[in-house]
Amino acid sequence: MDTQRSRYAFTLIELLVVIAILGILTGMLLPAVQQIRAVARRISCANNMRQLGLAMHNYEGALGHFPPGFTSTPSRDGTAPSGVHIDPITWNAAPGWGWGAHLLPFVEGNNIHGDLDFAKPIWETKHREIIQTNLPVFLCPSSSGESQPFTVVDGDENPYSPDSVKPVVLGRSHYVASHGQESAWGPEAGSALSGQVFTDIYTFTTATVDIHGDVSRVADGPFYRNSKTQISEVSDGTTTSIFLGEHSSRLSDKTWVGVVPGATVHPRFSSPENGPDGAATLVLYHMGPSGGELDITGFPIIHPVNFPTYHVGQMYSEHPSGGNVCMGDGSVQFISESVDLITWAELSSINEGEVIGEWQ
Amino acid sequence: MTTNRNTILTTLVLAGFLLTAGSWWFNRGYGEVSPITYEYSKALYSACLNRNEEHLGKVEELLVTRGDEGLSVNERKWIDAIIEEARDGRWVSAAKRARRMMEDQVQY
């Protein structure tokens, strides 16, 4: 009787062996499933970028130039016409509409675009609600950070609005436009009047440039304050010039709406290198080298996607081992985070005459 | 029978412990390093990504000039190990180590 019973029961060892085998099988299967899901998210993200790339070209076809990085009432001395809000440090001023807002009619955002007055500031009362809209085409499925609209903040991370009425809340974007190698979103864009730039990325030659509010003197990418880049200006070739990149909200908040003058962008996690940066990084990023950014040996710092300095003004993607970029021709490429730094810098500028060989 | 079962159980528990300990040992990282070590790791990461002998040489020069100023004994060993790996042509592995050192300073 006892023998009969024991024949139909599992021993502890048998049970443990079965659990161990199941554990091993699950352990083998899970990474494969995760990998497939990550690939699907990467493809979905690339699809968003492809739509944005196409929209950029449709915009260029319609208006003769690519959309501005963001619009700002021009100032060469830090003053603005009466009633126009201007940030005394960066000289960013109203209205502030970003490249994403300008692309709305070309990404099926006509209903939103029709409600926007591009001559008025983005924080104008009539815009307050509509600018909180989250649009799927600007959201990468891999981003693990916040996906809801976010409140704009000042340097102390307090909610901020230029008109001091009510904090501005903006719809989110996980995509940012390329300012090129150089950055100009701090005082150099305004009150500092000048900034240092790299004139040759191979010899690391620098020069001091008088900016006086005109950031086109330093920006070497397609998008910057009041940019109107024409396709003929992309002399390095549209296939070898990066136009858009990723920036996950895990690192910092970005928006499709535009720039709120006087706002600050803060990192969500800290590295010994990162900290708050200017409002232009709400819509723009740069890739380095940027004048003045040198490492301990005097070599310039070039930061490709996910470079572990984690500046709020760099590319940051949560796709495994790299990130998507949209090139000037509208194609989307996946770039490894261990890309050759000089190649990355060469891809960043649009008209510096760098010859780029095979890079993928 | 009981002795046999106990032996197997003990072996399983021991194997599990060894696996966990080994996994922890190989993934323990560098921990917090001094600001100067961070600067070295940043320069080394760039040099290794670019496979740039000149850049690597500059780091070595700096280590000679400054000596161990601001570096602990372990930090100096880690930096030397990265340089040695790069000098041996194992750029990818050296870059990974330098990146790991930078990553370990990030506070989420």
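About the cut-offs
Residues numbered from 1 in each chain as written. Chains lettered and ligands numbered in written order. Predicted model: local features only at pLDDT ≥ 70, side-chain atom pairs only at ≥ 80, totals over all residues. Helix = DSSP H or I, 4+ residues; strand = E, 2+ residues; numbered from the N terminus. Buried ≥ 20, exposed ≤ 12 C-beta atoms within 10 Å, placed from the backbone. Contact = placed C-beta atoms within 7 Å. Nonpolar A, V, L, I, M, F, W, Y, C, P; charged D, E, K, R; others polar. Expected span 1.5 Å × (residues − 1). Arc of directions from axis to C-beta. Core = buried A, V, L, I, M, F, W, Y, C linked by C-beta atoms within 7 Å. Axes fitted to C-alpha atoms, helices over the stretch in contact; angles between N-to-C directions. Parallel < 35°, antiparallel > 145°, perpendicular 65-115°, else oblique. Left-handed = near helix turned anticlockwise from the far one by under 90°.

A. Region of the structure containing the overall build of chain A. Each helix and strand in chain A was counted, giving 5 helices and 13 strands. Expressed as a percentage of its 360 residues, the buried residues of chain A come to 49%. In chain A, the share of contacts with a sequence separation of at least 24, taken over all contacts with a separation of at least 6, comes to 70%.

B. Region of interest: the interface of chain A and chain B. Each partner contributes to the interface: chain A provides 18 residues, whereas chain B provides 24 residues. Elements represented by at least two residues in the side of chain A that touches chain B include exactly helix H2 (12–63) and helix H5 (341–348) of chain A. For the side of chain A that touches chain B, the element with the highest residue contribution is H2(A), accounting for 3 residues. Class assignment of the residues belonging to the side of chain A that touches chain B gives a composition of 12 nonpolar, 4 polar and 2 charged.

C. Broad picture of helix H3 (residues 53–66) of chain B. All names here are of chain B. The end-to-end C-alpha distance of H3, which contains 14 residues, comes to 20 Å, matching closely the 20 Å that a straight helix rising 1.5 Å per residue would cover. Turning to H3, its buried residues number three or more, namely His55, Leu56 and Val59. The buried residues of H3 all sit within an arc of 105 degrees when viewed along its axis, so they share a single face. Along H3, exposed side chains directed more than 90 degrees from the buried face belong to Glu53, Glu54, Glu61, Val64 and Thr65. Here the buried face of H3 lies against helix H2 (35–50) and helix H4 (73–87). Within two residues after H3, Gly67 carries a phi angle of roughly 65 degrees, on the positive side.

D. Region of interest: the nonpolar core. One finds A:Leu52, A:Leu103, A:Val283, B:Leu44, B:Cys48 and B:Ala98 to be the most contacted residues of the largest nonpolar core, which totals 100 residues. Take this core: its biggest share by element is 8 residues, from H2(B).

E. Up close: the packing of H2(B) against helix H5 (residues 91–103) of chain B. Residues and elements named next belong to chain B. Running from amino to carboxyl end, H2 crosses H5 at an angle of 150 degrees, the nearest separation of the two axes being 8 Å. Between H2 and H5, the angle is such that the two are roughly antiparallel. The interaxial crossing formed by H2 with H5 has left-handed handedness. Touching Tyr38, Ser41, Lys42, Leu44, Tyr45, Cys48 and Leu49 of H2 are Trp91, Ala94, Ala95, Ala98, Arg99, Met101 and Met102, all from H5. Its residues placed into classes, the contact of H2 with H5 shows 11 nonpolar, 1 polar and 2 charged.

F. Structural view of H5(A). A large share of H5(A) lies buried, amounting to 7 of its 8 residues. Taken together, the buried positions of H5(A) are occupied by A:Leu341, A:Thr343, A:Trp344, A:Ala345, A:Glu346, A:Leu347 and A:Ser348. Where H5(A) is buried, its residues touch strand S5 (175–178) and strand S8 (242–246) of chain A together with H2 of chain B.

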